[in-house]
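Structural features, examined
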Amino acid sequence: MAKRPADVALAWRDDEGEGVSLSCKHSRPSPGNGEGIVANAGAPKPSPNDGGAPTRTLPHRVRSVSSSASSSSELSRPATETNKSMPPRTVSSLSGGSIDGDVPTVAGQKRGRDGQVPTSAGQLTRFVNARLLQRDGTLVAGTLTVDVSASLIVAVGLLDKEHDENCGDAVHVVDCQGHILSPGFVDIQLNGAYGVDFSNDGGSGTGLSAEDVLRVARRLVETGVTSFCPTMISSTRQTYRRILPILRKAREQQQQNGSNNDEERGANILGMHLEGPFFAASKRGAHDLQHISNPDKGISSVEDVYGLRKHSVGNEMQGMEDIDIVTLAPELPGALEAIQSLTSNNTHNVAVSCGHTEASYEDGIQALSNGATLLTHLYNAMNPFHHRNPGLMGLLSSQAKLEGMGLNRPFFSIICDGMHVHESAVAMAYRSHPDGCVLVTDAMAGQGLGDGTHSLGNMSVSIKGDRATIYGTDTLAGSVVSMDTCVKRFRAFAGCSIGEALLCSTLHPAVVLKRHAQNEASGIGRDAPIGILEAGARADLVLVNDELDVLSTWLGGHRVFRRKS
């Protein structure tokens, strides 16, 4: 690259951080809250060959998962737990590095110097003066460069002299003012929000629409969420057949709209989390008893209830490729066969979670042996821990035993709203298995509506703060907590570091979904990893302060939310 002439004029930003022309070589901090300087150092216009719209990158699922500890695949266990033999990664080592320590090569693309991903001229944004979240939970000062045209992180490291002198060639600079830059939050269990219920089939009025789902996605970025799994509770067969195509349509529309305007795209709509209906009736919680059933015929029962056939042609039925997680009770007749088929690489490749269950400790081991990797909302809707009958919770502290059997401890999701689980129980679970903790909101349609009485479906709900009750009672109506609040409370409850709390809402859920590593078969610009700050990953980011307030949210390198001063 040619060096920028020394006599370049400097034009500082206005109060909103826009309209800046600034050479990186001469950049300096600017006072203010959140992000500081947002600079554009002579960025050229996109080439006519670009086709007018940037290539979108879609979060993907890696097609390999194993419950065997001796397997080369790490995807059924926390990424941090599989790399104990590797030294802690510094910011400079992250440039070009992947979650397993190898350069995440991308099919059809050659790496440049230092393993960086090739970029498109005039489309770079560089985040400077940031503390970057690493996969061991540490925060290290450094820089992160994004190719906005590809929505990818292309370099992570220290800003050396050569980069400093040459970054004037079309680099848009964001001064993070020492705040924390993290991957965007990933919520793998969201039943609804902002008045939208993802299980609403229209029985009580107007049913769910694709626009409803997109509206939720656009609002979630305010809470730092950049990817989420729309979650359905136990429903009728007709409801599954209506709702699943709507979610497919919403995902397709999001990708089409995002190609033209990433700022309006909203959080990535991932595959669905189907919570039920294969539950123990006694542990159904708020799920309707008339919908609860057994998977007696294994995977055939699952496909029949959901109305799915993987290779269906010429009708509205969708395949398992639209589903990321299924929660079921592993002790039910046919459940183990269903788990084995759902998690198989050669068939469905869905993550299976154990929940709403009477499963014993031994039942849990059988579920892990057949491919289950997650426990749904730990403590809730499962047998309590007992010193002679530990139940599923006993799996979290059984590392030695499970490793001796060739198995890994499961991940566990937990709701940190201060009501579903006591803070001491949160701390106990985290200390038992910190690498397996996944924060979820498990929020229902009342999230984001504010205090007051709201009609949600056929139920009247009173909301005060983060507590939602059925009107006129003290009965919890579900969670209305947001993910950023969950992260804050989790850190306080667990007594962990900021970085460790962030991992539970970024890397850990991404590993559960098998979306944290590059899929070489997909090629550059498609199926980019999420949940990590590494070259080749999707540039979905959240900037937070030390109090874990969300200062700004970025999708594909575009800022989609900024906190008001």
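Residues numbered from 1 in each chain as written. Predicted model: local features only at pLDDT ≥ 70, side-chain atom pairs only at ≥ 80, totals over all residues. Heavy atoms only, no water.

1. Description of the state of the cysteines
Which entries qualify depends on this criterion: Disulfides are defined as pairs of cysteine sulfur atoms found within 2.5 Å of each other. The buried label applies to any residue whose accessible area, calculated with a 1.4 Å probe on protein chains only, is under 20% of its type's maximum; exposed applies above 50%, and partly exposed to all values in between.
Across all of its chains, the model carries 0 disulfides by this definition. Free cysteine: C416, not disulfide-bonded; nearest cysteine sulfur from C486 at 6.1 Å. Residue classification places C416 among the buried positions, given a relative accessible area of 1%. Between C437, a free cysteine, and C504, which holds the nearest cysteine sulfur, the sulfur-to-sulfur gap is 3.9 Å. Classification of C437 by relative accessible area gives buried; the value is 1%.

2. Some thoughts on the packing of aromatic side chains
Aromatic ring pairs are reported here in terms of the distance separating the ring centres and the angle at which the planes meet. Our working rule: Pairing of aromatic rings covers Phe, Tyr and Trp, the last through its six-membered ring, and needs centres within 6.5 Å; plane angles under 30 degrees mean stacked, over 60 mean edge-to-face, and all others mean tilted. Each helix is a run of H or I in the DSSP string that is no shorter than four residues. Each strand is a run of E no shorter than two, and both are numbered from the N terminus.
On inspection of all chains with the given rule, the structure shows 5 aromatic pairs. Plain terms: the ring middles of F278 and Y306 are 5.9 Å apart, the flat faces sit at 65 degrees to each other, and that makes the pair edge-to-face. Placement of F278 in the loop between strand 12 (272-275) and helix 5 (299-306) and of Y306 in helix 5 is noted, with a sequence separation of 28 residues between them. Taken individually, F278 and Y306 each receive the classification buried, so the pair is uniform in this respect. These aromatic residues form a ring-pair network of at least three members: Y240, F278 and Y306.

3. So, the side chain of N200
Basically, it comes down to this: Polar contact is the term for a pair of N or O atoms within 3.5 Å; when the atoms are in protein, one must be able to donate a hydrogen and the other to accept it, and sequence-neighboring residues count only if both atoms are side-chain atoms. It only takes one pair of heavy atoms within 4.5 Å for two residues to be counted as in contact.
Looking at where N200 falls in the secondary structure, it is placed in the loop between strand 9 (196-197) and helix 3 (210-220). Within polar-contact distance, the side chain of N200 engages the backbone oxygen of T206 at 3.0 Å. Those residues in contact with N200, other than ones at most four positions away along the chain, are T206, G207, L208, R242 and I243.

4. Side note on the environment of G418
Within the secondary structure layout, G418 lies in the loop between strand 16 (411-415) and helix 9 (423-432). As for G418 and V481, which are separated by 63 residues in sequence, their C-alpha atoms are 9.5 Å apart.

5. Notes on the pairing of strand 10 (residues 225-232)
For clarity, the threshold we go by: Here, a strand pair is defined by DSSP locating no fewer than two bridges between the strands.
Here strand 10 lies mainly inside the structure; 8 of its 8 residues are buried. Of the pairings in the sheet, the one linking strand 7 (residues 185-190) to strand 10 comprises 4 bridges and is parallel in character. Paired with D187 across the bridge in strand 10 is F228. As paired elements, strand 10 and strand 11 (residues 268-269) share 2 bridges and run parallel to each other. Within the sheet, the bridge partner assigned to S227 lies in strand 11 and is N268.

6. Details of the environment of L375
Structurally, L375 is set in strand 15 (residues 374-375). For the pair L375 and T327, spaced 48 residues apart in sequence, the C-alpha to C-alpha distance is 8.3 Å. Setting aside anything within four residues of it in sequence, one finds L375 in contact with S353, C354, L392, L396, P410, F411, F412 and S413.

7. Side note on the confidence of the model for the protein
Threshold: The score called pLDDT rates the predictor's confidence residue by residue, from a low of 0 to a high of 100.
For the protein, per-residue confidence averages 79 on the pLDDT scale, and residues scoring 70 or more make up 71% of the total. In this model, residues 37-58 is a region of pLDDT below 50 whose contacts with residues beyond four sequence positions or in other chains number 67 contacts. This stretch, residues 520-526, has a pLDDT under 50; its non-local contacts, to residues over four places away or in other chains, come to 18 contacts.

8. Details of helix 9
Restricting attention to buried positions, one finds in helix 9 the residues A425, V426, A427, A429 and Y430. Where helix 9 is buried, its residues contact strand 16, strand 17 (437-440), helix 10 (483-494) and helix 11 (498-503).

9. A closer look at unusual backbone geometry
Look at the link from G276 to P277: it is a cis peptide, with omega at 10 degrees. Counting through the fold element by element, P277 comes out in the loop between strand 12 and helix 5. Look at S151: it is not a glycine, yet its phi comes out positive at around 65 degrees. Within the fold, S151 resides in the loop between strand 3 (139-147) and strand 4 (152-157). Overall, the relative accessible area of 0% leaves S151 in the buried class.

10. Notes on the pairing of strand 21 (residues 476-479)
Pairing geometry for strand 20 (residues 467-470) and strand 21, over 3 bridges, is antiparallel. Counterpart to T469 in the pairing with strand 21 is L476. Hairpin geometry of strand 20 and strand 21 is characterised by an intervening segment of 5 residues between the two adjacent antiparallel strands and by a positive phi of about 85 degrees at G472.

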